[in-house]
Amino acid sequence: MRQPITRQGETIIHTVPLIISKPVPGIADLPALGMDANSIVNDFIRYFSHTLGQDKMCLAAYQVYTSLSMSLRDRLVERWKNTQYAYEEQNCKRTYYLSLEFLMGRALGNAMLNLDVDKPTEEALRNLGLMLEEIADQEHDAGLGNGGLGRLAACFLDSCATLQLPVVGYGIRYEYGMFRQKIDNGRQMEEPDHWLRDGNPWEIERPEHTVRVKFGGCTRYYHRDGRLYARWTDSQDVVAVPYDVPIPGYRNGTVNTLRLWSAAATDEFDLSEFNAGSYTEAVAAKNGAENITMVLYPNDASENGKELRLRQQYFLASASLQDVLRNWVNIHGSNFENFAEKNCFQLNDTHPTCAVPELMRLLMDKHFLDWDQAWAITSRTVAYTNHTLLPEALERWPVSMFGRLLPRLLDIIHEINARFLADVAQRWPGDTARQRRMSIIEEGDEAQIRMAYLAVVSSASVNGVAELHSHLLQLHLFHDFYEMWPSKFNNKTNGVTPRRWMAWSNPGLNDLITRTIGDGWVTDLTRLRKLAPHADKAKFRAEWRAVKQANKARLAEMVQRDCSIAFDTEALFDVQVKRIHEYKRQLLNVLHVIHLYDRIKRGDTADWTPRCVLIGGKAAPGYMIAKCIIKLVNSVAKVINEDPAAQGLLKLAFFPDYRVSAMEVICPGTDLSEQISTAGKEASGTGNMKFMMNGALTIGTLDGANIEIREEAGEENFFLFGLTAEEVDATRPNYNPAAIIAADEDLRRVMQLLESGHFNLFEPGIFDPIIHAVTSPHDPWLTAADFRGYIDAQQQVARAYRDQENWTRMSILNTAASGKFSSDRTILDYNRDIWHLSQVPAWPVK
Ligand SMILES: *Cc1c(COP(=O)(O)O)cnc(C)c1O
């Protein structure tokens, strides 16, 4: 029974008193659960009928899903404990992956695959007359992220568990995840994603690990034994309640932890109000605390500066650090000598950077270390990953807001900055311009904290997420810092997990590859190289093509269901799915589609390659031009799809509510992957990697990880176009799109169609902002500059696709060359260069 207890001013506030201090026989020696179909089905039936109280005549689909999930979760929990026992026994070093986003998607299929019970479970369900696919479809995606950054965190957790690395993910349990996107009259509508409404069988609440997080108040200083100490007082506190999500490794007995924090009110009443007789008001006033973890901010690649967002960031950082330090003190007492050797905090972008001053605060104010001791620990344990060069995404917090909300942390940041600037002054005497450039505090009308600089100054390691991106960081954004500490900077090219993105989502390809080269590729993706020689065998190519055709049929079915548009599986499936952003240039894609339509209308259709173009992605709710691009896609699609002249030649569809579970169907069924960002703007991309693994060919610019994808695949197996990052910078100053349009017959006709209102006859003027963007000499994305190169590359694609034998060859060679882009490789790189963790096998389940 839970009993609220309060320890004045301390971390534990609302908890179950611990009564167990030695192993309880009946619990310690439980026999292992069966992994055969019968055991799982028996448990499933018991959960369904007894735990959930369901009727034999009524199979409520969600309850069927929940029962199956609980049966599998039991098996995860066994391995979870044995993993933690092994970590504790080894007293191993650990890494904590701090991220405001974990875009996990669905857990059921992943658990089945990684526990190695996928085949028996599917069969057993069939015997009960149940279809796995239908059951799995009941699960709400855990959409606790915006896009690539959040999905990267999810892939990393899978790889860490598969590599048996002691890594804990720390994040926020948003009540509402990424909004659901509906399309109404071609326009994006946002609907709240209340993903927890029907319950979540994949989390376990841990009220006994609740911690207290402070906001507001002020700093008080006091003397003890001749030393000055600080204390953060008069704060308004909330509690952070952890919910643990099991992260299974691939068939290795390891289950790691993702710990998600949920905010709740403390059990303390405002006594003055309470005594004044306003009992109900005093209770009601407490609901503000829950706001902190209510909703994910839906901005990708742009900061929004809202105070609630800063609350979320600090809430995550403080709760996670207190959790880690409490575990440390339980074992080591107040001896922090070895702390830096045993712990590492990896910051996923600057979002959790409050962890830097918070760790300093906890070490100094609560554990009484002096500044130098605390700084030695902090600066050796924190590592920072940068995810973007876009200036609008760089987080800055007004000093005034920050000081009001987190006064003690602001003191510490000022002190970090003062000491840092003293070092700069010593290294470059008299160079005040450099000091101003590098200061963590940006002076001006409103002084602001540059969170990226705070992260760089305080970290042992700073990395970008693809070779080009890491290089550009050193060249521009962090140039001064690179001069000061060149050895801090390094690259970790992103990756994605082949378990979810191949083995689970593409069972046909999984079978074919495994029959051909064995199953070792699932945990050593470089083995896909062994597929290359098979590209020359006609029979293998036929099998490869049959798999792709089946996957295209599955994708076409989903497009029919969600877009009401019929895709012909004989056509080239040309796909661009990702967040809608100007730098990603969905607009360039649409201009190409309009160009193809124009050719059809001109009768220029000799040797035509039929094409079905799919575009999908969410726009940030306040990003007007991105929303306008969605409307344009839908308007152009309507005209083309309803025109008999385009029948059998060209289709365009906008896929609504793009999310992880949709991508699991989309990437296996794609022929052509669109990776067409303005060079120098996409840090890495990871969608590009998922497509490549599944045998799509890429049309792309020399941006992010595209460069490395092309290197691996070979230039003859990649459709390259566009300006390089250097050429982009050189072009900007005297960019003249009007001249480009005037000189290019095709582009001129496309712009004329747009300007004539051909796609918006009854909504005049709605696309003016888009027309203006393309024709403006200040267009940062240089859409017109890359049009010709893009159209020509697409023409090569069309020609290549007509030679199906050679296309299939190139498809096989892409998959064969995709080994580098496993997140296992990425994580091994992080571990080799930054974390230095040992691989620790879990205790076996008897
Ligand atoms: C992989 C993925 C992304 C990232 O895609 P990019 O093309 O790299 O921007 C975004 N959202 C979802 C749902 C994904 O699965």
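Please read all numbers here as calculations on a predicted model, not as lab measurements.

Conventions adopted
Starting from 1, residues in each chain are numbered consecutively following that chain's sequence as written. Thresholds applied to this predicted model are a pLDDT of at least 70 for local features of residues and 80 or more for the giving and counting of side-chain atom pairs; totals over whole chains, interfaces and linings are not thresholded and use all residues. Calculated side-chain values reflect all of the structure's heavy atoms, with hydrogen atoms and water omitted. Secondary structure elements are defined from DSSP: runs of H or I of at least 4 residues count as helices, runs of E of at least 2 residues count as strands, and each element is numbered from the N terminus. When accessible area is computed with a 1.4 Å probe and restricted to protein chains, residues below 20% of their type maximum are described as buried, those above 50% as exposed, and intermediate ones as partly exposed. In protein, a polar contact means a hydrogen-donor-capable atom and an acceptor-capable atom, both N or O and within 3.5 Å, with residues adjacent in sequence counting only if both atoms are side-chain atoms; elsewhere, any N or O pair within 3.5 Å suffices. Contacts were defined at the residue level, with two residues in contact if any of their heavy atoms lie within 4.5 Å. UniProt positions are given in the numbering used here, feature names are shortened, and annotations may be inferred rather than shown by experiment. Between any two strands, at least two bridges found by DSSP are needed for them to pair. We define a nonpolar core as any set of buried Ala, Val, Leu, Ile, Met, Phe, Trp, Tyr and Cys residues linked to one another through side-chain atoms lying within 4.5 Å. Inter-axis angles, ranging from 0 to 180 degrees, are taken between N-to-C directions of lines fitted to C-alpha atoms, where helices are fitted over the stretch in contact. Roughly parallel covers angles under 35 degrees, roughly antiparallel covers those over 145, roughly perpendicular covers 65 to 115, and oblique covers all other angles. When residues are grouped by polarity, Ala, Val, Leu, Ile, Met, Phe, Trp, Tyr, Cys and Pro land in nonpolar, Asp, Glu, Lys and Arg in charged, and all others, Gly among them, in polar. When the centres of two rings from Phe, Tyr and Trp lie within 6.5 Å, Trp using its six-membered ring, the rings pair. Their planes under 30 degrees apart give stacked, over 60 give edge-to-face, and anything left gives tilted. Here a residue is near a molecule or strand as soon as one of its heavy atoms is found within 4 Å of it. What sets the accessible areas is the Shrake-Rupley method with a 1.4 Å probe; for residues, cover comes only from the shown protein chains. Two helices crossing with the near one rotated counterclockwise from the far one by less than a right angle form a left-handed crossing, whereas a clockwise rotation gives a right-handed crossing. The definitions used throughout rest on a 1 Å grid laid over the protein atoms alone, on which a cavity is an enclosed set of points accommodating a 1.4 Å probe that cannot get out and a pocket is an open set flanked by protein within 12 Å on both sides along at least five of seven lines; lining residues are those having an atom within 4 Å of a point. Grid points are joined across faces, edges and corners, and a volume is the space filled by probe spheres set on the points. Working definition: a disulfide is two cysteine sulfur atoms within 2.5 Å of each other. By definition, no residue in a patch forms a salt bridge, and every one has over 30% relative accessible area; like charges are joined within 9 Å, nonpolar side chains (Val, Leu, Ile, Met, Phe, Trp, Tyr) within 5 Å. A carboxyl oxygen of Asp or Glu within 4 Å of a side-chain nitrogen of Lys or Arg is what we treat as a salt bridge. A residue counts as positive if it is Lys or Arg and as negative if it is Asp or Glu; His and the chain ends are not included. For the purpose of locating charges, the reference atoms are NZ of Lys, CZ of Arg, CG of Asp and CD of Glu.

S.K.: Whenever I open this one, the side chain of Asp786 confuses me. Can you help?
M.R.: Looking at where Asp786 falls in the secondary structure, it is placed in helix α32 (residues 783-802). Look at Asp786 and you get buried, because its relative accessible area is 3%. A polar contact is formed between the side chain of Asp786 and the side chain of Arg585, at a distance of 2.7 Å. When sequence neighbours within four positions are dropped, the list of residues in contact with Asp786 reads Arg585, Leu588, Thr701, Phe721, Gly722 and Leu723.

S.K.: Teacher, can you tell me more about the UniProt feature "modified residue: N6-(pyridoxal phosphate)lysine" (unreviewed entry) in the protein chain here?
M.R.: The feature "modified residue: N6-(pyridoxal phosphate)lysine" (unreviewed entry), as given by UniProt, occupies Lys690 in the numbering adopted here. Relative to the helices and strands, Lys690 is located in helix α26 (residues 687-693).

S.K.: Looking at this structure, I do not really get the sheet that holds strand β17 (residues 448-450). What am I missing?
M.R.: Within a sheet, adjacent strands bond to each other through the backbone by hydrogen bonds, running parallel or antiparallel. Pairing in this open sheet of three strands is antiparallel, and the strands run β15-β17-β16 from one edge to the other. Each edge of the open sheet carries a strand with a single partner, namely β15 (396-398) and β16 (441-442). Where β15 lies against β17, three bridges are found, and the strand directions are antiparallel. Within the sheet, the bridge partner assigned to Arg396 lies in β17 and is Arg450.

S.K.: Would you mind showing me how to read the nonpolar core here?
M.R.: Nonpolar side chains tend toward joint burial in soluble globular proteins. Counting 108 residues, the largest nonpolar core has Phe402, Leu406 and Phe478 as the members making the most contacts within it. Sequence-distant contacts of Leu406, that is, excluding residues within four places in its chain, are made with Lys214, Phe215, Trp232, Leu310, Tyr314 and Cys354. In this structure, Val590, Val613, Phe721 and Phe759 belong to the second largest nonpolar core, which totals 66 residues.

S.K.: Whenever I open this one, the packing of helix α23 (residues 586-602) against helix α30 (residues 745-755) confuses me. Can you help?
M.R.: If you want to describe how two helices pack, look at the angle between their axes and the distance between the axes. As a packed pair, α23 and α30 sit with axes 9 Å apart at the nearest point and diverge in direction by 95°. Of the possible angle classes, the one that applies to α23 and α30 is roughly perpendicular. For the pair α23 and α30, contact is made by Leu591, Ile594, His595, Asp598 and Arg602 and by Asp746, Arg749, Val750, Leu753 and Leu754, respectively. Classifying every residue of the contact of α23 with α30 gives five nonpolar, one polar and four charged.

S.K.: Help me understand the packing of aromatic side chains in this model?
M.R.: Describing an aromatic ring pair means giving the distance of the ring centres and the angle of the ring planes. If you walk through the whole model with that rule in mind, you get 33 aromatic pairs. When the centroid spacing of 5.7 Å and the interplanar angle of 25° are considered together, the rings of Tyr222 and Tyr229 count as stacked. The burial state of Tyr222 is the same as that of Tyr229; both residues are buried. With a centroid separation of 5.0 Å and an interplanar angle of 80°, the aromatic rings of Tyr801 and Trp807 are classed as edge-to-face. This pair shows no difference in class: Tyr801 is buried, exactly as Trp807 is. Members of the aromatic cluster, each reached through a chain of ring pairs, are Tyr384, Phe420, Tyr453, Phe478, Phe481, Tyr482, Trp485 and Phe489.

S.K.: Help me out: how do you make sense of unusual backbone geometry in this one?
M.R.: Backbone geometry follows two general trends: most residues other than glycine have a negative phi, and most peptide bonds adopt the trans configuration. In this model, Gln164 sits at a positive phi of 60°, which is unusual for a non-glycine residue. Among the secondary structure elements, Gln164 is positioned in the loop between α7 (148-162) and β4 (167-172). On the accessibility criterion, Gln164 (16% relative accessible area) is buried. Even without being a glycine, Ser564 presents a positive backbone phi close to 55°. Inspection of the secondary structure puts Ser564 in the loop between α22 (538-563) and β20 (572-577).

S.K.: I keep staring at the site of the ligand and nothing clicks. Help me out?
M.R.: The immediate surroundings of the ligand are formed by 14 residues, with Lys578, Lys584, Thr686, Gly687 and Lys690 found nearest. Within the side chain of Lys578, an N or O atom sits 2.8 Å from an oxygen atom of the ligand. Take Lys584: an N or O atom from its side chain is 2.8 Å from an oxygen atom of the ligand. Protein coverage of the free-state accessible area of the ligand, which is 390 Å², stands at 95%. Mapped onto the shell around the ligand, the elements with two or more residues apiece are α25 (660-666) and α26.

S.K.: I keep staring at the packing of α23 against α32 and nothing clicks. Help me out?
M.R.: Their axes nearest at 10 Å, the elements α23 and α32 cross at an angle of 55°. Here α23 lies oblique to α32, going by the angle between them. For the crossing formed where α23 meets α32, the hand is right-handed. Together, Leu588, Asn589, Leu591, His592, His595 and Arg599 of α23 and Thr783, Asp786, Phe787, Tyr790, Ile791, Gln794 and Gln795 of α32 make up the contact between the two elements. Each residue belonging to the contact of α23 with α32 can be placed in one class, and the counts come to five nonpolar, six polar and two charged.

S.K.: Before we go on, may I ask you to explain empty space enclosed by the protein in this structure?
M.R.: In this approach, a probe sized like a water molecule rolls over the atoms, and the result shows the empty space that is left. In total, this model carries seven cavities of 30 Å³ or more according to the counting rule given. Taken together, 30 residues line the largest cavity, and the ones lying closest to its centre are Met104, Gly105, Arg106, Ala107 and Val245. Sorting the residues of the lining of the largest cavity by element identifies α3 (61-90), β2 (102-105), α4 (108-114), β3 (142-144), α7, β11 (236-248) and β12 (255-265) as the ones contributing at least two each. Residues that form the lining of the largest cavity fall into these classes: 19 nonpolar, six polar and five charged.

S.K.: Hey, could you run me through the sheet that holds strand β24 (residues 697-700) in this one?
M.R.: Ordered by their spatial adjacency, six strands build an open sheet running β22-β21-β20-β23-β24-β25, and the pairing between neighbours is parallel. The two strands at the open ends of the sheet, each matched to only one other strand, are β22 (650-655) and β25 (719-720). Lying over the sheet, helix α24 (residues 624-642) contacts β21 (611-616) and β22, oriented at roughly 145° with respect to β22.

S.K.: Explain the state of the cysteines here, please?
M.R.: A disulfide bridge is the covalent bond that connects two cysteines by way of their sulfur atoms. A complete count under the given rule lists zero disulfides for this structure. Here Cys612 stays unpaired: no disulfide links it, and the sulfur of Cys563, its closest cysteine neighbor, is 11 Å away. The thiol of Cys667 is not disulfide-bonded; the next cysteine sulfur, from Cys155, is found 11 Å away. In this structure Cys667 comes out as buried when scored by relative accessible area, which is 0%.

S.K.: Before we go on, may I ask you to explain a negative patch on the surface in this structure?
M.R.: The grouping of Glu122, Glu133, Glu134 and Glu557 at the surface amounts to a negative patch. Mapped onto the elements, Glu133 comes out in helix α6 (residues 132-136).

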